[in-house]
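Residue-level structure breakdown
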Amino acid sequence: MTRTGSQYRQGLNDGRTIFINGERVGDVGSHRAFSRAVDSIAALYDLTNEPATRKHVTYPSPSTGEPVNVAYMIPRSREDLRHRREGLRVWSESTFGLMGRSPDHVAGFLAGFAAAPELFEEVNKEHADNLLKFYEWARDEDQYLTYVIVPPQIDRSKPAHKQQDPHLYAGVKEERDDGIVVAGAQMLGTAAAISDWILLSCIVPLGEGDERYANTMVVPLDSPGLKIYARRSYADAATSVFDYPLASNYDESDALVVFDEVFVPWENVFVYQSLELVRDQWWKTPSHVLGNSQAQIRLWTKLDFLVGIAKAVAEMNGSLKAPPVQSMLGELASYATQVRSLVLAQEANAKVDENGVYWPGVEEVHACSAIQIELYPRMVGMIRELCGGGLIQLPSSRDDFLNPEASADIERYIQSPGYPSRERVKLLKLAWDILGSEFAGRQLQYELFYAGAPHLVKSRVFNNYDFARSDALLDEALTRYDLDT
Ligand SMILES: Cc1cc2nc3c(=O)[nH]c(=O)nc-3n(C[C@H](O)[C@H](O)[C@H](O)COP(=O)(O)OP(=O)(O)OC[C@H]3O[C@@H](n4cnc5c(N)ncnc54)[C@H](O)[C@@H]3O)c2cc1C
């Protein structure tokens, strides 16, 4: 089945524990800090039911034959990868690529785990069965998972088990006949507050002695003891939608997730205290590449959006015909093209594994993660340069338009040919919200870190690049001459 937006919204009012600004949130769907983000996610669910988009964003469930969300697809052909990409692109366009942990992100990771059940079975058959059962249920019930897979930044010089308290990082505190008790915290729960389930695991390397942290499990948001400490809400801080159109609608929130002795029944545990499996689940299954290919399809949409903003501002300012401005726009477009090309190349270079599963090209996924760290800040900087002081020379809020004296001056001086004041201000306020506002700053931090710290992301390229091609070329060049040539 595919859920509607209102079914998704109803599921959120379950007594979950969220704190923001010193208060416990009641219904997250109607709280000012979260409600518009909930609306944006609800709109995604509605897209899976609308006739025009349904065929792109769904595929038949292998269990029931009913249409289910394409984000849960285990691709078994290049055509599946294309179908998945088109569906994910439709979803990302709905949020302009601004919501990173929409329901299609972790769904890809879960599908990747389920695509390689033998890896889990080798370690524990029961836990592997739990995983498959949960994956199929989440897919067929259109569930929204987010994840926390990085220990909190406390002391990175020490391994997990040598932190000052064994229950700072989320790990097993007690084992019972019917399940486990988890204590500690994990970061950084983007959209956790507005999702249905949190997947708790660890993607950073763990070593001997860290076994209690080497787990993968799912936890429903209403679990007793599960606490979400959301960061400041940019949506709540926005003076109006007109002033902060992107922060108002697409602030998915991020949070510290605390497990205060949360009981997790065995059926929700997929990996239990296994250093090897908690590591291999990301790299020996298509999990990481499926999850990150979704992130890159979203990024492609976002870069197209940025290019559109840059061009519109240049046009409005009358600078579009200047060759240096066209050259900057060309450079910006080339970055969007690079990401699009890497996304498409993932399909062309997909590899099929022994289970018949098509993995998006691994080299391309890692390369895209690495270059986005460089190109996203460069694009933001270039567009700020193109926009100039106009980004700042703006009325303090939309209320200035409501004051007759102020609005007369604003309408006279803040306008461009073909762009009456209200349109100019509208475009530049939107531009500021992706380039310079607090929301924009968080977007930048997200693109730098969502796939891991930059040094780790780049070392993944090193580990996956086929250096044999380069080595062979260099060897060939060196063999063609010598001292006596
Ligand atoms: C906006 C945002 C949203 C996020 N959403 C999620 C989410 O939904 N789920 C989730 O699980 N995680 C999420 N993350 C967390 C993300 O996965 C982590 O930020 C990332 O893994 C990096 O870890 P860290 O922030 O602790 O940085 P650290 O590992 O502490 O690294 C910070 C910096 O320290 C330096 N450094 C540290 N160690 C080394 C070293 N060995 N060698 C060289 N330099 C080093 C580097 O400059 C590095 O960039 C999110 C992060 C951000 C910013």
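A quick note: this is a predicted structure, and the numbers were derived from the prediction, not measured. (Residues numbered from 1 in each chain as written. Predicted model: local features only at pLDDT ≥ 70, side-chain atom pairs only at ≥ 80, totals over all residues. Heavy atoms only, no water.)

1. Details of the environment of Arg384
- In this fold, Arg384 is placed in helix H13 (residues 362-387).
- Arg384 gets classed as partly exposed once you look at its relative accessible area, which sits at 38%.
- A sequence separation of 47 residues divides Arg384 from Ala431, and the C-alpha atoms of the two residues are 8.8 Å apart. (Helix = DSSP H or I, 4+ residues; strand = E, 2+ residues; numbered from the N terminus. Buried < 20%, exposed > 50% of the residue type's maximum accessible area, 1.4 Å probe, protein only.)

2. Focus: the packing of aromatic side chains
- The tally for this structure, following the rule as stated, stands at 21 aromatic pairs.
- An angle of 35° between the planes, with centres 5.2 Å apart, marks the rings of Tyr8 and Tyr45 as tilted. In this pair, Tyr8 sits in helix H1 (residues 5-12) while Tyr45 sits in helix H2 (residues 35-47), placing the two residues 37 residues apart along the sequence.
- Here Phe134 and Phe270 contribute two aromatic rings whose centre-to-centre distance is 5.8 Å and whose plane-to-plane angle is 45°, an arrangement assigned as tilted. Separated by 136 residues along the polypeptide, Phe134 in helix H7 (residues 125-140) and Phe270 in strand S12 (residues 269-271) bring together distant segments of the chain.
- A relative accessible area of 7% means that Phe134 is categorised as buried.
- Arg422 extends its terminal NZ or CZ atom over the ring of Phe401, reaching a point 5.7 Å from the ring centre. (Phe/Tyr/Trp six-rings, centres within 6.5 Å; stacked < 30°, edge-to-face > 60°. Lys NZ or Arg CZ within 6 Å of the ring centre and 35° of its normal.)

3. Considering the domain arrangement of the chain
- Assigned domains within the chain: domain 1 (5-282) and domain 2 (286-474).
- The C-alpha-based centres of domain 1 and domain 2 are spaced at 25 Å.
- With 50 residues of domain 1 in contact, the opposing surface of domain 2 contributes 45 residues.
- Here domain 1 meets domain 2 over a buried area of about 4,100 Å², counting both sides, of which 60% is carbon and sulfur.
- Inspection of the domain 1/domain 2 interface yields six salt bridges.
- Residue Glu438 pairs with Arg232 through a salt bridge whose shortest N-O separation is 2.8 Å. (Domains from an automatic or database assignment. Contact = heavy atoms within 4.5 Å. Buried area = accessible area lost by both parts, 1.4 Å probe. Salt bridge = Lys/Arg side-chain N within 4 Å of Asp/Glu carboxyl O.)

4. Observations concerning H1
- For H1, the set of buried residues is Gly5, Tyr8 and Leu12. Viewed along the axis of H1, the buried residues span an arc of 65°, placing them on a single side of the element.
- Against H2 lie the buried residues of H1. (Arc of directions from axis to C-beta.)

5. What about the pattern of salt bridges?
- In this structure the tally under the stated criterion is 31 salt bridges.
- A salt bridge links Arg32 to Asp236; its shortest N-O distance comes to 2.7 Å. Here Arg32, found in the loop between strand S2 (23-24) and H2, pairs with Asp236, found in helix H8 (residues 234-237); they are 204 residues apart in sequence, far enough to count as distant.
- Asp236 gets classed as partly exposed once you look at its relative accessible area, which sits at 25%.
- We note a salt bridge from Arg82 to Glu79, for which the minimum N-O separation is 2.3 Å. Of the two residues, Arg82 and Glu79 both sit in helix H4 (residues 78-94), three residues apart, roughly one turn of that helix.
- With a relative accessible area of 42%, Glu79 lands in the partly exposed category.
- A single network of salt bridges, built from pairs that share partners, joins Arg231, Asp251, Glu252, Asp254 and Arg442.

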